[in-house]
Amino acid sequence: MTGFSPADHRLVPLRPFSELRVGEVFRSASRTVTEANFAAFQTVSLDNHPIHYDDEYCKRLGHPAPLAHGLQVLAFTAAGAGLFPHVIGAALIGFVEVSAKFLKPVYPGDTLYPALEIVALTPQKTTGLVTMRATVHNQKSELVLEGEHKYLVRMNQP
């Protein structure tokens, strides 16, 4: 191979805002959440509520095990875990808004399937707003999280 350039080494071809389409889905790899994930997130978040780490407390409340932190489940929707940021490349200006509804509990051993779907494309003068529906399903095909992300991107690749 001749003429190799690290700058040209891409996972997917770059696309401008004008080539994005409402309805496009960007899935992230599935992940099985473990007790180690719970402990790591507790360390980062400093959330010490017993619902996240005390088996007996959870059983008294009718749960079979501790529940994942909501923000931990939301973190699985990070666009960087999938191909979207690779598709838009350096045109990404920033992640500007997020909302989420936590619909079902997530327990250790659950496998999560995150996805982002473009639901709106709002062109502006030099930038565009990409609105995405964020979903996370579990191994039982239950929707455990639903929300929305908004990304500000340049209309053209820099």
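For every chain, the first residue of its written sequence is number 1, and the numbers climb from 1 along that sequence. The predicted origin of the model limits local features to residues at a pLDDT of at least 70 and limits the giving and counting of side-chain atom pairs to 80 or more, whereas totals for whole chains, interfaces and linings rest on all residues. In computing side-chain values, all of the structure's heavy atoms are included and hydrogens and water are not.

Each aromatic ring pair is characterised by the separation of its centres together with the angle its planes make. Any two of the Phe, Tyr and Trp rings considered here, Trp counted by its six-membered ring, make a pair once their centres fall within 6.5 Å; the pair's planes then place it as stacked at under 30 degrees, edge-to-face at over 60, or tilted in between. For the structure shown, the criterion picks out three aromatic pairs. Seen in terms of ring centroids, F95 and Y151 are 4.9 Å apart; in terms of plane orientation they differ by 20°. Their pairing is stacked. One end of the pair, F95, is in strand 3 (residues 92-102); the other, Y151, is in strand 6 (residues 143-154), with 56 residues separating them in the sequence. Of the residues examined, Y151 reaches a relative accessible area of 4% and is grouped as buried. What links up through ring pairs into an aromatic cluster is the set F26, F84, F95 and Y151. Where helices and strands are cited, they refer to DSSP runs of H or I of at least four residues and of E of at least two residues respectively, numbered from the N terminus. Between buried and exposed lies partly exposed: a residue is buried under 20% and exposed over 50% of the maximum accessible area for its type, with that area taken using a 1.4 Å probe on protein chains only.

What follows is about the environment of A120. Inspection of the secondary structure puts A120 in strand 4 (residues 111-123). Overall, A120 belongs to the partly exposed group, its relative accessible area being 26%. Separated by 29 residues in the primary sequence, A120 and H149 place their C-alpha atoms 11 Å from one another. Excluding residues that lie within four positions of it along the chain, A120 makes contacts with V22, L129, V130 and T131. In this analysis, two residues are considered to be in contact whenever any of their non-hydrogen atoms come within 4.5 Å of each other.

Nonpolar side chains in soluble globular proteins tend to be buried together. Residues L20, F84, V130, M132 and Y151 are the most contacted members of the largest nonpolar core, which totals 16 residues. Where this core is concerned, the elements lending two or more residues are helix 4 (84-88), strand 4, strand 5 (127-137) and strand 6. Among all residues touching V130, those that are not within four sequence positions of it are F17, L20, F84, I118, A120, L121, H149, K150, Y151 and V153. Counting residues in hydrophobic clusters, the runner-up holds eleven residues, among them L74, F76, V144 and L145. Only buried Ala, Val, Leu, Ile, Met, Phe, Trp, Tyr and Cys residues count toward a nonpolar core, and they belong to the same one when joined by side-chain atoms within 4.5 Å.

Looking now at the pairing of strand 5. In terms of residue burial, strand 5 counts as a mostly covered element, since nine of its eleven residues are buried. Bridge count for strand 4 against strand 5 is ten bridges, and the pairing is antiparallel. Paired with P123 across the bridge in strand 5 is G128. In this structure, the hairpin formed by strand 4 and strand 5 is closed by a connection of three residues. Paired strands, in this sense, are two strands between which DSSP finds at least two bridges. With antiparallel pairing between neighbouring strands as the criterion, strand 5 and strand 6 make up a hairpin whose turn holds five residues, including S141 at a positive phi of roughly 65°.

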